[in-house]
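Examination of the molecular architecture
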Amino acid sequence: MKELILDNLEVGERIRSIRKDLKMNREKFSEMIDISDVFLGQIERGERSLSLKTLCKIVSFTGASTDFILFGTNTNNSTIHKINRILSKSSDANIEYFYKIINCSHTFFKTYKEDD
């Protein structure tokens, strides 16, 4: 089994890329995850480690996975992160509505693709 090694510089670079994918500056992003922009800058440059609490806030706000942030081990699909961000701020009724739309679309495209 491959040993996963935590590298603060790489973690910071991944957090910066997530923030930039969201088209947010450091000040706004840090406000959304309730840390100072100075501390966020230190994390992004690999000068400081993020706490579990800060990691959870980033994951909750962005929808990024902890595996990607810490180790870069899964795909950083920005569209999925955007969808997760929308879902995290939606009511249960809206989430169910979104699911039905996606499921119908999936069924349609699956059927359509089989006809090719």
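Shown above is the structure to which this text applies.
Residues numbered from 1 in each chain as written. Predicted model: local features only at pLDDT ≥ 70, side-chain atom pairs only at ≥ 80, totals over all residues. Heavy atoms only, no water.

Points about unusual backbone geometry
For Lys23, which is not glycine, the phi dihedral falls at a positive 55°. With respect to the helices and strands, Lys23 occurs in the loop between helix H1 (8-21) and helix H2 (26-32). Even without glycine at this site, Asp34 takes up a positive phi of about 60°. (Helix = DSSP H or I, 4+ residues; strand = E, 2+ residues; numbered from the N terminus.)

Re the pattern of salt bridges
Counted by the stated rule, this structure contains six salt bridges. Note that Arg16 is salt-bridged to Glu44, the shortest N-O span being 3.5 Å. Of this pair, Arg16 sits in helix H1 while Glu44 sits in helix H3 (residues 37-44), placing them 28 residues apart in sequence. Across the salt bridge formed by Arg19 and Glu44, the nearest N and O atoms sit 2.7 Å from each other. Of this pair, Arg19 sits in helix H1 while Glu44 sits in helix H3, and the two are 25 residues apart along the sequence. (Salt bridge = Lys/Arg side-chain N within 4 Å of Asp/Glu carboxyl O.)

Some remarks on the packing of aromatic side chains
Tallied over the entire structure, the rule returns three aromatic pairs. Aromatic pair Phe29 and Phe61: ring centres 5.8 Å apart, planes at 70°, arrangement edge-to-face. Separated by 32 residues along the polypeptide, Phe29 in helix H2 and Phe61 in helix H4 (residues 52-62) bring together distant segments of the chain. Note on accessibility: Phe29 and Phe61 belong to one class, buried. Plain terms: the ring middles of Phe108 and Phe109 are 5.2 Å apart, the flat faces sit at 75° to each other, and that makes the pair edge-to-face. (Phe/Tyr/Trp six-rings, centres within 6.5 Å; stacked < 30°, edge-to-face > 60°. Buried < 20%, exposed > 50% of the residue type's maximum accessible area, 1.4 Å probe, protein only.)

Points about the environment of Thr54
Turning to its location among the elements, Thr54 is positioned in helix H4. On the basis of relative accessible area, Thr54 is assigned to the buried category, the value being 6%. Remark: the alpha-carbon pair of Thr54 and Ile35, spanning 19 residues in sequence, is separated by 7.8 Å. Filtering out sequence-adjacent residues up to four positions away, Thr54 remains in contact with Ile35, Phe39 and Ile43. (Contact = heavy atoms within 4.5 Å.)

A look at the packing of H1 against H3
A packed helix pair is summarised by two numbers, namely the angle formed by the two axes and the spacing between the axes. In contact at an axis separation of 7 Å, H1 and H3 are set at 120° when each is read in the N-to-C sense. In terms of axis orientation, H1 runs oblique to H3. Contacts between H1 and H3 involve Asn8, Leu9, Gly12, Glu13, Ile15, Arg16 and Arg19 from the former and Leu40, Ile43 and Glu44 from the latter. When grouped by side-chain class, the residues that make up the contact of H1 with H3 number four nonpolar, two polar and four charged. (Axes fitted to C-alpha atoms, helices over the stretch in contact; angles between N-to-C directions. Parallel < 35°, antiparallel > 145°, perpendicular 65-115°, else oblique. Nonpolar A, V, L, I, M, F, W, Y, C, P; charged D, E, K, R; others polar.)

A word on the nonpolar core
Counting residues in hydrophobic clusters, the biggest one holds 19 residues, and the most contacted among them are Ile15, Phe29, Leu50, Ile58 and Ile69. Elements with a minimum of two residues in this core: H1, H3, H4 and helix H5 (66-71). Those residues in contact with Phe29 that lie beyond four places of it in its chain are Ile15, Arg19, Leu22, Met24, Leu40, Ile58, Phe61 and Thr62. (Core = buried A, V, L, I, M, F, W, Y, C linked by side-chain atoms within 4.5 Å.)

In short, geometric facts, not functional conclusions.
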